[in-house]
Amino acid sequence: DKMDHYKAEHNRYVKEGITLLELALWKAKLGEKEDRSVEGRTKKAKVDTESARKERRVTCGADIVIKNVLPFLQLEEEHILFEA
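Here the residue numbering is sequential within each chain, running from 1 through the sequence in written order. Confidence filtering applies because this is a predicted model: local features only for residues at pLDDT of at least 70, side-chain atom pairs given and counted only at 80 or more, and all residues used for totals across whole chains, interfaces and linings. Excluded from the side-chain calculations are hydrogens and water; all other atoms, namely the structure's heavy atoms, are used.

Next up on the list: the overall build of the protein. Runs of E in the DSSP output that reach at least two residues are strands. Runs of H or I that reach at least four are helices, and both are numbered from the N terminus. Looking only at helices and strands, one finds four helices and zero strands in the protein. Going from N to C terminus, the protein has its helices and strands arranged as α-α-α-α. Each residue is assigned to one of three classes by its accessible area relative to the maximum for its type, calculated with a 1.4 Å probe on protein chains only: buried under 20%, partly exposed between the two thresholds, exposed over 50%. Going through the 84 residues of the protein one by one, you find that 15% of them count as buried. It only takes one pair of heavy atoms within 4.5 Å for two residues to be counted as in contact. Across the protein, the fraction of contacts at a sequence separation of at least 24, relative to all contacts at a separation of at least 6, is 89%. In this description, accessible areas are obtained by the Shrake-Rupley approach with a 1.4 Å probe, and a residue is regarded as covered only by the protein chains that are shown. Per element, the accessible surface of the protein, about 7200 Å² overall, is 56% carbon and sulfur.

Below, the discussion takes up the side chain of K29. Relative to the assigned elements, K29 resides in helix α1 (residues 2-33). Residues in contact with K29, not counting those within four places in the same chain, are R56, T59 and C60.

In plain words, nonpolar cores are sets of buried Ala, Val, Leu, Ile, Met, Phe, Trp, Tyr and Cys residues tied together by side-chain atoms within 4.5 Å. The biggest cluster of nonpolar side chains holds seven residues, and these are V14, I18, W26, L30, C60, A62 and I66. Elements that contribute at least two residues to this core include exactly α1 and α3 (62-73). It is α1 that contributes the most residues to this core, four residues altogether. Aside from chain neighbours lying at most four places away, what touches C60 is L25, W26 and K29.

Mapped onto the elements of the fold, L30 is located in helix α1. In this structure the C-alpha to C-alpha distance between L30 and R53, which are 23 residues apart in sequence, comes to 7.0 Å.

Further remarks concern the environment of K54. Tracing the sequence through the fold places K54 in helix α2 (residues 43-58). Residue class for K54 comes out exposed when judged on its relative accessible area of 61%.

None of the figures reported here should be taken as evidence of function without further support.
What follows is the structure, encoded as structure tokens:
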């Protein structure tokens, strides 16, 4: 059925958009607090940088933003029924 195809395509685009949004928020958080003084140091410094990057991904607030953006991206069943 065509409608199922369009719903699946929409869901794919929403998932891709949410992923890009999360990555953009993470990148913004990294840009805020990036510690450039660690660059070029020992392997331990590299590990510390990697753990800081992971920690910032968790604390970038993406879960809160996505929770509030997602309702605007999801299809409403009533809306679909009236347009069909």
